[in-house]
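One-letter residues, chain by chain:
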Amino acid sequence: MAEPPLKPVLQKPPGYRDPNFPAAQSGFRPPSRKPVLPASFHQRKGKGRFCRVCCCSFCVFLSVLILLVVTGSMVFYFLFDPKFPGFHVQSIRMSRFNVTKKPDGTYLDAAMTTRLEVKNSNVKMTYYYGDTEFDVSVGEGGDETPAGTTVVTGFTMGKQSTTSLKVETKASNMLVADDVGNRLRTRHRSKTLAVNVEARTKVGLGVAGLKIGRVAVTVKCDGITMKQLDGGDMPKCVINMLKWLNIH
């Protein structure tokens, strides 16, 4: 009688555990595996720590620098009590102001002398001015028309002193629109014509025998009329420093 065919022996899959032999009883435990980190990870960690140290050092340095600047400014203020110079318009004299209408257009011919008072109220500081360029115009808004440019040589202002600057300008054959010329003529006759003066210069400071570098300054005296000046008023000009700081 033929023997029955043998059944093939099944192979146990990897990781198979026999229920009759628990892992706890057999004493076998799979080894724990540590994740293997790439070498670049450790480099990034080191770089991050270095960046944090640099940022902290920079913040500390900046804080100390700001503290020193603030402390120095306070000491300077209490020792010298600094005051900004003052600019006022003393007078405006128009020796010539003609608006002439010709076949090819309307022309302005003007000559004027403007006097500015510059005052230094400081007891312990001296001001040094470089050459100052003046631009003078007449009219307001869309009627504003150039009336000449000139340069005044540099000067020095001692402690608690006042200086008068003479600014002479002229405009010859300045072409203007017909309606603008008519309005300028009318306002000139009624002494309500606005005169605008702009001065650009550099100002240095002298303290305890030391000269501190000059700073660019723009002085604007806008909308000054003869009627104001005839009434005894001396309009104050606005000082602009660092392109954003206006001192009235």
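A quick note: this is a predicted structure, and the numbers were derived from the prediction, not measured. Per-chain numbering applies: the sequence of each chain, read as written, is numbered from 1 onward. In view of the model being predicted, local features appear only for residues whose pLDDT reaches at least 70, and side-chain atom pairs are presented and counted only at 80 or more, with totals across whole chains, interfaces and linings using the full set of residues. Side-chain measures were taken over the full set of non-hydrogen atoms in the model, leaving aside hydrogen atoms and water.

### Observations concerning the sheet that holds strand β7 (residues 161–176)
Then step 1. By the convention used here, strands pair only if DSSP detects at least 2 bridges between them. For the purposes of this entry, the term helix denotes a DSSP run of H or I that reaches at least four residues, the term strand denotes a run of E that reaches at least two, and both are numbered from the N terminus. Here we have 3 strands laid out as an open sheet, ordered β1-β2-β7, and antiparallel in their pairing. What marks the edges here is a single partner per strand, and that holds for β1 (86–102) and β7. Averaged over all adjacent pairs, the angle separating strand axes in this sheet is 10°, with direction ignored.
Then step 2. Sheet analysis places β1 next to strand β2 (residues 105–120), joined by 15 bridges and oriented antiparallel. Paired with V89 across the strands is L116, a residue of β2.
Then step 3. Contact between two residues is taken to exist if any of their heavy atoms lie within 4.5 Å; hydrogens are not considered. For every element, the axis is a line fit to its C-alpha atoms; helices are fit only across the contacting stretch, and the angle between N-to-C directions ranges from 0 to 180 degrees. Sitting on the sheet, helix α3 (residues 178–189) touches β1, β2 and β7, and the angle it makes with β1 is about 125°.

### Some points on unusual backbone geometry
Then step 1. One non-glycine residue with positive phi stands out, namely Q160, at about 50°.
Then step 2. Position of Q160 relative to the elements: it lies in the loop between β6 (155–157) and β7.
Then step 3. Not every positive phi belongs to a glycine, and K191 is a case in point at roughly 60°.
Then step 4. With respect to the helices and strands, K191 occurs in the loop between α3 and β8 (195–207).

### With respect to the packing of aromatic side chains
Then step 1. Any pair of Phe, Tyr and Trp rings, taking the six-membered ring for Trp, is counted once the centres come within 6.5 Å. Such a pair is stacked with planes under 30 degrees apart, edge-to-face with planes over 60 apart, and tilted for the rest. On inspection of all chains with the given rule, the structure shows 3 aromatic pairs.
Then step 2. With centroids separated by 6.3 Å and ring planes inclined at 85°, the aromatic side chains of F87 and Y129 adopt a geometry described as edge-to-face. A residue pair is termed long-range when its members are at least 10 positions apart, and F87 in strand β1 and Y129 in strand β3 (residues 125–129) qualify at 42 residues. Residue F87 shares its accessibility class with Y129, and that shared class is buried.
Then step 3. Summarising the aromatic geometry, the rings of Y127 and Y129 are spaced 6.3 Å apart at their centres and angled 50° between planes, so their arrangement reads as tilted. Per residue, the accessibility class of Y127 equals that of Y129, and both read buried.
Then step 4. Taken together, the ring pairs connect F87, Y127, Y129 and F155 into an aromatic cluster.
Then step 5. Residue placement shows K211 over the ring face of Y128; its charged tip is 4.5 Å from the ring centre. Only protein chains enter the calculation, and the probe is 1.4 Å; a residue is then buried if its accessible area is under 20% of its type maximum, exposed if over 50%, and partly exposed in between. Look at NZ for Lys and CZ for Arg. If either is within 6 Å of the ring centre and within 35 degrees of the ring normal, a charge sits over the ring.

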